[in-house]
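# Secondary and tertiary structure notes
Okay, here's what each chain looks like letter by letter:
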Amino acid sequence: FPKEHLLGFIDIAARHKLPIIADEIYGEMAFEGVAFHPLAELAPHVPVITVGGLAKQFLVPGWRVGWLMLHDPVHALDDLREGFNRLTQLIVGASTLVQGAVPRVLCPEAGSA
């Protein structure tokens, strides 16, 4: 969406004191000439929960590696953050082999791509 359109969503959320859940699983996969704007970067006073992952953006189908990022400048999601932290203590997720590859996918060495 154009930046102005996203700012409109943020304005509505701010007026109604609503957090935003932003599904950015496709992240940087935009048409040529169209800019991608991460919602959290545009929302200085609105909480945003961003959903992301590797499978779509980095073309590694089946890896099942994803994340939630909390942007909470007004501390409205403190309890939710605590709950998310507790969930990270459970053993549910990608295999150890896939987890070990994640840093190299997100931060490749120069010349490796």
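Here, the structure is the one placed above.
My aim in this report is to walk through the structure given alongside it, one point at a time.

Moving on to the packing of aromatic side chains. Under the counting rule described, the total for this entry stands at one aromatic pair. Summarising the aromatic geometry, the rings of Phe1 and Phe9 are spaced 6.4 Å apart at their centres and angled 75° between planes, so their arrangement reads as edge-to-face. Overall, the relative accessible area of 43% leaves Phe9 in the partly exposed class.

The subject of this paragraph is the environment of Leu77. In this structure, Leu77 sits in the loop between strand 3 (66-71) and helix 3 (78-87). By relative accessible area, Leu77 is classed as buried at 9%. Leu77 sits 29 residues away from Val48 along the chain, and the two C-alpha atoms are 9.2 Å apart. Setting aside residues up to four positions removed in sequence, Leu77 forms contacts with Pro19, Pro47, Ile49, Leu70 and Asp72.

This brings us to the pattern of salt bridges. With the rule as written, the count across this model stands at three salt bridges. Among the salt bridges present, the one from Arg15 reaches Asp11, with a minimum N-O distance of 3.2 Å. Of this pair, Arg15 and Asp11 are both found in helix 1 (residues 3-15), four residues apart, which corresponds to roughly one turn of the helix. By relative accessible area, which is 55% here, Arg15 ends up exposed. Between Arg104 and Glu109 there is a salt bridge; the shortest N-O distance is 3.5 Å. By relative accessible area, which is 55% here, Glu109 ends up exposed.

What follows is about the sheet that holds strand 3. The three strands lie next to each other as 1-2-3, forming an open sheet whose pairing is mixed. For this open sheet the edge positions go to strand 1 (20-23) and strand 3, each flanked by a neighbour on one side alone. Adjacent strand axes in the sheet meet at a mean angle of 20° when their direction is disregarded. In the sheet, strand 2 (residues 48-53) pairs with strand 3 via six bridges, with the strands oriented antiparallel. Its bridge partner being in strand 3, Gly53 is matched across the sheet by Gly66.

Despite not being glycine, Lys17 has its phi angle at roughly 55°, a positive value. Assignment of secondary structure puts Lys17 in the loop between helix 1 and strand 1. With relative accessibility at 74%, the residue Lys17 sits in the exposed group. At His75, a position not held by glycine, the phi torsion is positive, near 55°. With respect to the secondary-structure elements, His75 resides in the loop between strand 3 and helix 3.

Parameters at a glance
Residues numbered from 1 in each chain as written. Predicted model: local features only at pLDDT ≥ 70, side-chain atom pairs only at ≥ 80, totals over all residues. Heavy atoms only, no water. Phe/Tyr/Trp six-rings, centres within 6.5 Å; stacked < 30°, edge-to-face > 60°. Buried < 20%, exposed > 50% of the residue type's maximum accessible area, 1.4 Å probe, protein only. Helix = DSSP H or I, 4+ residues; strand = E, 2+ residues; numbered from the N terminus. Contact = heavy atoms within 4.5 Å. Salt bridge = Lys/Arg side-chain N within 4 Å of Asp/Glu carboxyl O. Pairing = 2+ DSSP bridges. Axes fitted to C-alpha atoms, helices over the stretch in contact; angles between N-to-C directions.

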